[in-house]
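Spelled out, the chains give:
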Amino acid sequence: MKPDLAPKYIQSIGQSYILWFERSNSYVVLSNSSYIILNHFLNSSTFDQFENKLTRNNLISETSAKDLYDELSSFLKHTNKNNNTQSKSFVEKLEIPNTELKRFYNFGNQTIQLNFGSQTIEQLFHPQLAHCLIKNHRSTDVVFDIFKVGNSLFLYKNEEFIFSSTTKDYYVLQGRFALELTTVIHKKDSSKWLSTFHASTICNNNEAVMLIGDSGNGKSTLSALLMANGFDLLSDDFTPQYNDLELYRYPAAISIKKGAFNIIENESKEFKTLETYFNGPKNINIKYLPPLKGFETSKKHLPCRKIIYVKYSKDYNSSFNKVSEEKILKTLIPDAWISPKPEYAKQFLHWLSDIEFFELKYSDNQYAVQSLNKLISD
Amino acid sequence: MKRNNPQDQITREEAIKKMGKYAALTAMGTFLILNPKEAHASSPPDPGGIPFE
């Protein structure tokens, strides 16, 4: 028996098993037959016992039992390696610099103040939220300060240190800010988020459908198309999930790169009138398309039981099909933050077991919209 | 466990390349080892480049 090497949680999903290893916070996807062999390994104290079990169950020829034993030993050593490399560096309390760049935003009944240390920093956070900007306000509920010292960026909330990153990893700080803002506007406990997905999520009044895919696959463009065709946008790019397993609204605008301007202009009259921003030293043109529904009047959180892997290519024959869990998980998990807390990993696995997985490959926008219409109204 | 016919066999390196970066190929078959990110998910750096450089 090798109880020390066994996964902490096991969940059967479709044709596969998914295992969770606590020390490395790794998820392992296995076929049924591999899972049986792994169990024989974990239930054997010696190589001889393992070999006997395999032979008795007609699972393998004797010659390869040794290879299997060695491979499983090395695999389990890897998945049980402590992966907690995050060092909590002590941050001295910094003097928050004064700034003229103060902005106020309204989310429902809350006013949030953002103080930016420079215009460069402002450009990283403001354009996505510009549609929530307000001029007059009576009081401020929460103040965030974002500023740069040396080669580091800092995020403070109500004068308390929250997070820092290097300027090179500024997008990590953007992700953390998104979570902190979500926590505030939904009045949640920041330690109870189960996961944050790199996904765009659309919804109706009853359910949310998550769109995933590698960067450049067209998630944001598709979200904008769907929004123009009557869907509500729950979140673009950043989809948070709380420990009630529901997905929460993140009311940022959809960022649309120049290559997709024409597609969206055909569907949305307002798009042409939106300001064009020039991002980064390469001056890439981007427009930010705000969600159609205001935060206050829209559904704040919804259950999700459908995940779609999307990919656009002008050369595709459009298709929309159910796919294996493996196909989805290998995009979903490495691109997500999932709480390493065991009780949350268990909840996450349980949630996954109830999900239907789809793939949408398309060249025809109308085909994509119709596929989603059919899926979400069924 | 079933073995492939010799004519179907490809090298281990070719097989790993075909399966993608998360797959491990073993005598047992394939399995995916997936590690979530340690930071909250958001898009990778902007195509416009790093703004502080």
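Worth saying up front: this structure is predicted, and the values here are computed from it rather than measured.

J.: Just give me the short version of the overall build of chain B, but keep the residues and values in it.
T.: Within chain B, the secondary structure is distributed over one helix and two strands. Helices and strands appear in chain B in the N-to-C order α-β-β. By the burial criterion, 17% of the 53 residues in chain B qualify as buried.

J.: Give me the overall build of chain A: which residues, what numbers.
T.: On a plain count of helices and strands, chain A comes out with ten helices and 23 strands. Overall, the C-alpha framework of chain A stretches about 75 × 55 × 40 Å when taken along its three principal axes. Buried positions account for 37% of the 378 residues belonging to chain A. Contacts in chain A between residues far apart in sequence, at least 24 positions, make up 66% of those at least 6 positions apart.

J.: Kindly report on the sheet that holds strand S13 (residues 232–235) of chain A, identifying the contributing residues and their values.
T.: Residue and element names in this part refer to chain A. Ordered in space as S13-S11-S12-S20-S23-S21, the six strands form an open sheet in which the pairing is mixed. Two strands in the sheet have a free side with no partner beyond their single neighbour: S13 and strand S21 (319–322). Across the sheet, the mean angle separating the axes of adjacent strands is 25 degrees when strand polarity is ignored. Where strand S11 (residues 200–203) and S13 come together, three bridges link them in antiparallel fashion.

J.: Residue-level account of the interface of chain A and chain B, with values.
T.: Between chain A and chain B, the residue contacts involve 55 residues of the former and 31 residues of the latter. Contributing elements (two or more residues each) for the side of chain A that touches chain B: strand S3 (26–31), helix H1 (32–42), helix H3 (62–79), helix H4 (119–125), helix H5 (170–185), strand S10 (193–197), helix H8 (325–332) and strand S22 (337–338) of chain A. Of the residues forming the side of chain A that touches chain B, the biggest block, eight residues, is contributed by H5(A). Considering only residue class, the side of chain A that touches chain B consists of 26 nonpolar, 19 polar and ten charged.

J.: A description of the domain arrangement of chain A should follow, citing residues and the corresponding values.
T.: Taken domain by domain, chain A consists of domain 1 (3–79), domain 2 (101–185) and domain 3 (194–377). If you average the C-alpha positions of domain 1 of chain A and of domain 2 of chain A, the two centres end up 47 Å apart.

J.: How would you explain the nonpolar core if you had to name every residue and give the values?
T.: All names here are of chain A. In terms of nonpolar packing, the biggest core is built from 99 residues, with Val29, Ile146 and Met210 touching the most fellow members. Ranked by the residues each element gives to this core, the list is headed by H5, at eight residues. Ignoring anything within four residues of it in the chain, the contact list for methionine 210 reads Phe197, Ala199, Thr201, Thr239, Cys304 and Ile307.

J.: Mind laying out the sheet that holds strand S8 (residues 152–157) of chain A, listing which residues take part and the relevant values?
T.: Remark on secondary structure: sheet strands pair via backbone hydrogen bonds, oriented parallel or antiparallel. Overall, mixed pairing links the six strands, which are arranged S6-S4-S5-S7-S8-S9 (chain A) in an open sheet. Each of the sheet's edge strands pairs with one partner strand only, and the pair in question is strand S6 (133–134) and strand S9 (160–166) of chain A.

J.: Which residues make up the pairing of strand S1 (residues 9–13) of chain A, and what values do they have?
T.: All names here are of chain A. Bridge count between S1 and strand S2 (residues 16–21): five bridges; the pairing is antiparallel. Across the sheet, residue glutamine 11 finds its bridge partner in S2, namely isoleucine 18. Where S1 folds back on S2, the antiparallel hairpin that results is connected by two residues, among which glycine 14 adopts a positive phi of roughly 55 degrees.

J.: So what's going on with helix H9 (residues 342–352) of chain A? Which residues, and what values?
T.: All names here are of chain A. Within H9, the full set of buried residues consists of Ala345, Phe348 and Leu352. Looking straight down H9, one finds its buried side chains confined to an arc of 60 degrees; they lie on one side. Of the exposed residues in H9, the ones pointing more than 90 degrees away from its buried face are Glu343 and His350. At its buried positions, H9 is contacted by S1, S2, S10 and S22.

Cut-off values and rules
- Residues numbered from 1 in each chain as written.
- Chains lettered and ligands numbered in written order.
- Predicted model: local features only at pLDDT ≥ 70, side-chain atom pairs only at ≥ 80, totals over all residues.
- Helix = DSSP H or I, 4+ residues; strand = E, 2+ residues; numbered from the N terminus.
- Buried ≥ 20, exposed ≤ 12 C-beta atoms within 10 Å, placed from the backbone.
- Contact = placed C-beta atoms within 7 Å.
- Pairing = 2+ DSSP bridges.
- Axes fitted to C-alpha atoms, helices over the stretch in contact; angles between N-to-C directions.
- Nonpolar A, V, L, I, M, F, W, Y, C, P; charged D, E, K, R; others polar.
- Domains from an automatic or database assignment.
- Core = buried A, V, L, I, M, F, W, Y, C linked by C-beta atoms within 7 Å.
- Arc of directions from axis to C-beta.

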